[in-house]
Amino acid sequence: MYKRKSSTIPFGYKLSEEDSAYLEEIPEQLKVLEEIKPLIKDQSISLREGSMWIEHKTGRKLSHMGLKKIVDNE
């Protein structure tokens, strides 16, 4: 569990059921995100394609700009 730092819940995490001040990882979503990041970085696919692929695989939306922020922060 990770301490919550803002009101926004990052992709790949959910609020802890025990304490809303903490976040829990969603391993499936984080795995998909790790699979897509290298494809974005080497420009094999676009950010929009990546965000659509993530939504298809996880059922959770992530905008192309949200994906860009995640990739750029590494």
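Residues numbered from 1 in each chain as written. Predicted model: local features only at pLDDT ≥ 70, side-chain atom pairs only at ≥ 80, totals over all residues. Heavy atoms only, no water.

(A) The arrangement of the environment of Lys14 in detail. Mapped onto the elements of the fold, Lys14 is located in strand 2 (residues 13-15). Assessed through its relative accessible area of 36%, Lys14 is described here as partly exposed. Separated by 30 residues in the primary sequence, Lys14 and Ser44 place their C-alpha atoms 29 Å from one another. (Helix = DSSP H or I, 4+ residues; strand = E, 2+ residues; numbered from the N terminus. Buried < 20%, exposed > 50% of the residue type's maximum accessible area, 1.4 Å probe, protein only.)

(B) Region of interest: helix 2 (residues 47-58). Along its 12 residues, helix 2 runs 16 Å from first to last C-alpha, staying within 8% of the 16 Å computed at 1.5 Å per residue. Turning to helix 2, its buried residues are Gly50, Ser51 and Ile54. Along the long axis of helix 2, the arc covered by the buried residues comes to 95°, so they all point the same way. Every exposed residue of helix 2 that faces more than 90 degrees away from the buried side is listed here: Arg48, Met52 and His56. Each element contacted by the buried residues of helix 2 is listed here: helix 1 (27-41) and helix 3 (64-72). One or two positions beyond helix 2, positive phi appears at Gly59, with a value near 80°. (Expected span 1.5 Å × (residues − 1). Arc of directions from axis to C-beta. Contact = heavy atoms within 4.5 Å.)

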